[in-house]
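Tertiary structure, described
Here's the letter readout for the chains.
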Amino acid sequence: MVRLGPNLVLISDKDAIKEIIAADFPKNFNYIKFRTEDRFDTLFSTIDKSFHKKRRRILSPAFSIKYVSSLEPLMILCVKDLIYKVDECIEKKTFSDGAVLNIVNLVQSCVLDIIGETNFGGKFNSIETLSHPLPGKVYQELRRRAMKSLFPLFKSFMKYDQYLLDLSNELIKNRRQAEKSRVDILQAILDVVKTEESDQITDFEIFDQILEFLIAGTDTVGLTASMAITLLAKNPDKLKLLQQELDNALGNCNDELPKHDQLKALPYLNAVINETMRLWPVTLDGGIGRSPEKDTIINGYMIPARTNLVLNYYHLHHDSKYWGKNVEEFVPERWLDLNNSPKDIFYPFSAGSRNCIGQNFALMEMRLIIASLLFQFDVKDILAQELDIVCYITPSFNNLKYDLVFSKRSFKSINNC
Ligand code: HEM
């Protein structure tokens, strides 16, 4: 625990983190600065515990394991578009035996289409062109929010993008005109309007909520899945181990894309995802902020009321005391020994009442994308660029770019069996 200022304590001690999560303190005031506009409360940014409880209860059905499982066919449709797109690019042979493709744009486009298809009434067709404006707009919105929180005096000059507002208005209009109701994020947000607590909610506020889910639901999965594939391309021996596991589980030749049931218990695939989230947690920047309402003792220290506590999961995930000397290396194998599974030192989705509502959705999506791509294709980091990561609230590849060379695996094709 380090006191960085009169009102700011940085924490990466595992026992202190556990105590703070169990105490369920409200989020600190910094979250307000991350909103589209400061005056609107949202599920992610609210510091009001009773608002949070009500809002989370309304949104939870759209994230239950059962409901998320029912979304699998829609997710697979988007992953199929992704596979066809990569196939099409490889056929054009832009690089000796394959195609140079920006993994970040590929994955981010797929993830946006998935959230559109499963939660906003239809995919955004981002994969179709691979030059859709939406991935860039979401990235710029994150940057705007980070800048707004750093330079609050200039926030009136940093307006959200009209494109995002128009898109949201279109989604709201289409859903209000739709004959059939759906259980999804958009419907849950629209249903909030009908509850007593919020009969004043405007379309702008709905836009704010939609945008929050577009950001929280795509930037995070986009980073983690594209980072996992990049780390595997940088470590061909690990890529081979994953492909062997996929071949054993899925067979040598397969017309269909893998199903989540075939993937969810694959040890190496899950180890790759965990190891990526250990090295690159989405909370890399400021960590998780909490603030006790009254004076409290934490880990033997007296913490005055309203102190900003920042839980630094990144540091915890990179502490050699817990993870060993090879802590900075990409070693999925460390997750294979179940007896040695790390407790209280790994928080990719945080924990407690403010944990990630989308974690089941995210895990299913990441397994489907990573396994489908790497079952069908080899990836090589021939250009060996530096990992250039920027952090605007959550980490992203700079300019959403990292090029890998994709080639078809010799015996794999969705059509040619
Ligand atoms: C790899 C994927 C993901 C990771 C690693 C991740 C991680 C996290 C973390 C660490 C938090 C806590 C943040 C804090 O307390 O400051 C969080 C909260 C949240 N996440 Fe995720 N997330 C992911 C995907 C998603 C998806 C797919 C969605 C929605 C579709 C989503 C929606 C949210 C929301 C709404 C919250 C706020 C929940 C609340 O306060 O009740 N996330 N996420």
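Chains are numbered independently. Their residues run from 1 in the order of the written sequence. Only residues with pLDDT of at least 70 get local features here, since the model is predicted, and only at 80 or more are side-chain atom pairs given and counted; chain-wide, interface and lining totals rely on the full set of residues. Hydrogen atoms and water are omitted, and side-chain values are computed over all heavy atoms in the structure.

**A look at the UniProt feature "binding site: heme" (unreviewed entry) in the chain**
To keep things clear, this is the line we draw: UniProt positions are given in the numbering used here, feature names are shortened, and annotations may be inferred rather than shown by experiment. Elements are defined by DSSP. Helices are runs of H or I of four residues or more, strands are runs of E of two residues or more, and each kind is numbered from the N terminus. Should any heavy atoms of two residues lie within 4.5 Å, those residues are considered in contact.
In this numbering, the UniProt entry assigns the feature "binding site: heme" (unreviewed entry) to Cys356. By the secondary structure assignment, cysteine 356 is in the loop between helix H15 (320–323) and helix H16 (359–376). Discounting residues that sit within four places of it in the chain, cysteine 356 has contacts with Arg56 and Phe349.

**Section: the sheet that holds strand E8 (residues 377–380)**
Rule in force here: Strand pairing is assigned whenever DSSP detects at least two bridges linking the two strands. Only the contacting stretch of a helix is used when fitting its axis, a line to C-alpha atoms as for every element, and angles between N-to-C directions run 0 to 180 degrees.
If you walk across this open sheet you meet the three strands as E3-E11-E8, and the pairing is antiparallel. Whereas interior strands pair on both sides, the edge strands pair on one side only; in this sheet they are strand E3 (99–102) and E8. Strand-to-strand twist in this sheet, taken as the mean axis angle between neighbours without regard to direction, amounts to 40 degrees.

**Quick word on the site of the ligand**
The line we're drawing: Any residue with at least one heavy atom within 4 Å of a molecule or strand is counted as near it. Residues adjacent in sequence count toward polar contacts only when both atoms are side-chain atoms; beyond that, a polar contact is any pair of N or O atoms within 3.5 Å, and within protein one must be able to donate a hydrogen and the other to accept it. Each residue receives one of three labels: charged for Asp, Glu, Lys and Arg, nonpolar for Ala, Val, Leu, Ile, Met, Phe, Trp, Tyr, Cys and Pro, and polar for the others, Gly being one of them.
Around the ligand, the structure places 29 residues, and the nearest of them are Tyr31, His52, Arg56, Arg354 and Cys356. Histidine 52 places a side-chain nitrogen or oxygen 2.6 Å from an oxygen atom of the ligand. When residues of the shell around the ligand are traced back to their parent elements, those giving at least two are helix H2 (49–59), helix H10 (203–234), strand E4 (288–290) and H16. Broken down by element, the shell around the ligand gets its largest block of residues, six residues, from H10. A breakdown of the residues in the shell around the ligand according to their chemical character gives 17 nonpolar, eight polar and four charged.

**Regarding the nonpolar core**
Across soluble globular proteins, nonpolar side chains show a tendency to be buried alongside one another. Short version of the rule: Residues enter a nonpolar core if they are buried and are Ala, Val, Leu, Ile, Met, Phe, Trp, Tyr or Cys, with the set joined through side-chain atoms within 4.5 Å. Accessibility here uses a 1.4 Å probe with only protein chains present; expressed as a share of the type maximum, an area under 20% marks a residue as buried, one over 50% as exposed, and anything in between as partly exposed.
Among the nonpolar cores identified, the biggest contains 129 residues, and Ile370, Leu373 and Phe406 are the most heavily contacted of them. The contact partners of leucine 373, leaving out residues within four places of it in the chain, are Leu82, Ile83, Val86, Ile103, Ile229 and Phe406.

**Quick word on the confidence of the model for the chain**
Heads up, the rule is: Residue-level confidence of the predictor is summarised by pLDDT, bounded by 0 at the bottom and 100 at the top.
This prediction gives the chain a mean pLDDT of 88; 94% of its residues lie at or above 70. Per-element confidence in the chain ranges from a low mean pLDDT of 81 for helix H9 (residues 185–192) to a high of 97 for H16. Segment residues 413–417 is flagged for pLDDT under 50; beyond a separation of four residues in sequence, or across chains, it makes 15 contacts in the model. The ipTM value of the predicted complex is 0.99, and its pTM value is 0.93.

**Looking at the pattern of salt bridges**
What counts is decided by this rule: When a carboxyl oxygen of Asp or Glu is within 4 Å of a side-chain nitrogen of Lys or Arg, the pair counts as a salt bridge.
In total, this model carries 20 salt bridges according to the counting rule given. Between lysine 234 and aspartate 381 there is a salt bridge, with its nearest N and O atoms 2.9 Å apart. Taken together, the residues lysine 234 in helix H10 and aspartate 381 in the loop between E8 and strand E9 (389–392) connect sequence positions 147 residues apart. Lysine 234 sits in the partly exposed class, given a relative accessible area of 30%. Between glutamate 275 and arginine 334 there is a salt bridge, with the nearest N and O atoms lying 3.0 Å from each other. Taken together, the residues span a long stretch of sequence, with glutamate 275 in helix H13 (residues 267–279) and arginine 334 in the loop between H15 and H16 at a distance of 59 residues.

**Focus on the packing of helix H5 (residues 103–119) against H16**
Condition: Oblique is the label for every angle not falling under 35 degrees (roughly parallel), over 145 degrees (roughly antiparallel), or within 65 to 115 degrees (roughly perpendicular). It is the rotation of the near helix from the far one that decides the hand of a crossing: anticlockwise by less than a right angle makes it left-handed, clockwise makes it right-handed.
In the contact formed by H5 and H16, the axes pass within 12 Å of each other and the chain directions differ by 135 degrees. Comparing the axis directions of H5 and H16 gives the class oblique. The interaxial crossing formed by H5 with H16 has right-handed handedness. Listed contacts from H16 to Ile103, Val107, Cys110, Val111, Ile114, Thr118 and Asn119 of H5 are Phe361, Glu365, Ile369 and Leu373.

**Section: the environment of leucine 404**
Structurally, the position occupied by leucine 404 is in strand E11 (residues 403–408). Leucine 404 gets classed as buried once you look at its relative accessible area, which sits at 0%. Along the chain, leucine 404 and threonine 224 lie 180 residues apart, while their C-alpha atoms are 16 Å from each other. Once you skip the residues sitting within four places of it in the chain, leucine 404 turns out to touch Ala99, Val100, Leu101, Ile103, Ile229, Thr230, Ala233, Val379, Lys380 and Asp381.

**Remarks on the packing of H10 against H13**
Running from amino to carboxyl end, H10 crosses H13 at an angle of 105 degrees, the nearest separation of the two axes being 9 Å. Put simply, H10 runs roughly perpendicular to H13. Contact with H10, carried on its side by Thr224, Met227, Ala228, Leu231 and Leu232, involves Val272, Thr276, Met277 and Leu279 of H13 and no other residues of that element. Split into classes, the residues belonging to the contact of H10 with H13 amount to seven nonpolar, two polar and no charged.

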